[in-house]
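# Chain and residue survey
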Amino acid sequence: QRALLLEESPSGMLHKCGHRCFSRAAAAQMANKARLLPRLQLSLHNSACAYATPSERLFASSPHVLKPVLAMEQNGKKRLISDVGGSHNSKMMEPPSVSIPGVWPEVVAYQRKQMPPDELQFIEEIEQQPRAMMSGSIDEAHFLGWLCELIGAERVIEVGVFRGSTTLRLARSLPEGGKVVALDVSDQYVQTGKKYWEAASVTHKIDFRIGPALASMDAMIVAEESGKYDMCFIDADKLNYWEYFERSLKLVRKGGIIAVDNTLWHGRTLKPREEWDDDTAAIAALNEKLLTDPRVKICLLAIADGVTLCRVL
């Protein structure tokens, strides 16, 4: 990839970036107005810029921009990186519309309008309980349920259940006689979900199994259930993500889907490698392996915390 590198002038003005110029102060002000998270791309109309210094950085969200930004920082130089891909109008340089202030609340509101009243009540109850941020995103749950209907799924594996809101959406998306095999190491949090499963009359569609998910999946393979499932959704402990994926490849039929959650991992994989914890390293390794795995065809969706869809070949 080609990057246009521009120096900062002694006056503090940045040399021309595309067809507009911005001082460092103006760029920071625009970033604050856009309410961008730290280390995300600053997009300015038809040009996009990332200003990198050792102590004060704006990282571009595109991986094509990210690598040269990191390279410049490692060299300890002040640089402006722009025009990746060779065009000031590059679509790759524009962040998604949900980064525009006010758009995301509208997306959430639109999603909520599609949810049954009991699922809305379920989500509201979860939000009042501890560790609510661990609950599945409503847009992701809605998408996975829609995907089940699209591919005609009848048997689904869910690795990691927590409160069980995504489990409810998956079960409702399956036909009568369908089954969600829901795996979790504990039933500490799922009690909330069980009352909603029962009220929705889908308990008979949910096979909730307590214990280490790897052992449960191994038992399913021993029971000759390989290739008998249409989808597997992985959202559990990150250290075992690759092992869950390997077992899913055996259990999910050809043409089926393995959905891997948290593959953006809140941007933590963008940090210097020496700052990674074990979970971050596991997510980074999985993302790298999936790029070249000939057994699946992948599609990374930037919803929730990132979900990578893998179609089994």
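Keep in mind that this is a model prediction, so the values were computed, not measured.

All buried positions along helix 4 (residues 117-127) are accounted for by Asp118, Glu119, Leu120, Phe122, Ile123 and Ile126. If you follow the buried residues of helix 4, they end up packed against helix 3 (103-113), helix 5 (138-151), helix 6 (165-173) and helix 7 (191-199).

Two elements in contact, helix 8 (residues 213-222) and helix 9 (residues 241-251), have axes whose closest approach is 10 Å; the angle formed by their N-to-C orientations is 20°. Between helix 8 and helix 9, the crossing angle belongs to the class labelled roughly parallel. Judged by the sense of rotation from one axis to the other, the crossing of helix 8 with helix 9 is left-handed. Contacts between helix 8 and helix 9 involve Ala213, Leu214, Met217, Asp218, Met220 and Ile221 from the first element and Glu243, Tyr244, Arg247, Ser248, Lys250 and Leu251 from the second. Of the residues that constitute the contact of helix 8 with helix 9, the class distribution is seven nonpolar, one polar and four charged.

At a closest axis distance of 9 Å, the pairing of helix 9 and helix 10 (residues 278-292) adopts a crossing angle of 35°. Residues Tyr241, Trp242 and Phe245 of helix 9 form the contact with helix 10, whose own contacting residues are Ile283, Leu286, Lys289 and Leu290. Of the residues that constitute the contact of helix 9 with helix 10, the class distribution is six nonpolar, no polar and one charged.

Rules behind the numbers
- Residues numbered from 1 in each chain as written.
- Predicted model: local features only at pLDDT ≥ 70, side-chain atom pairs only at ≥ 80, totals over all residues.
- Heavy atoms only, no water.
- Buried < 20%, exposed > 50% of the residue type's maximum accessible area, 1.4 Å probe, protein only.
- Helix = DSSP H or I, 4+ residues; strand = E, 2+ residues; numbered from the N terminus.
- Contact = heavy atoms within 4.5 Å.
- Axes fitted to C-alpha atoms, helices over the stretch in contact; angles between N-to-C directions.
- Parallel < 35°, antiparallel > 145°, perpendicular 65-115°, else oblique.
- Left-handed = near helix turned anticlockwise from the far one by under 90°.
- Nonpolar A, V, L, I, M, F, W, Y, C, P; charged D, E, K, R; others polar.

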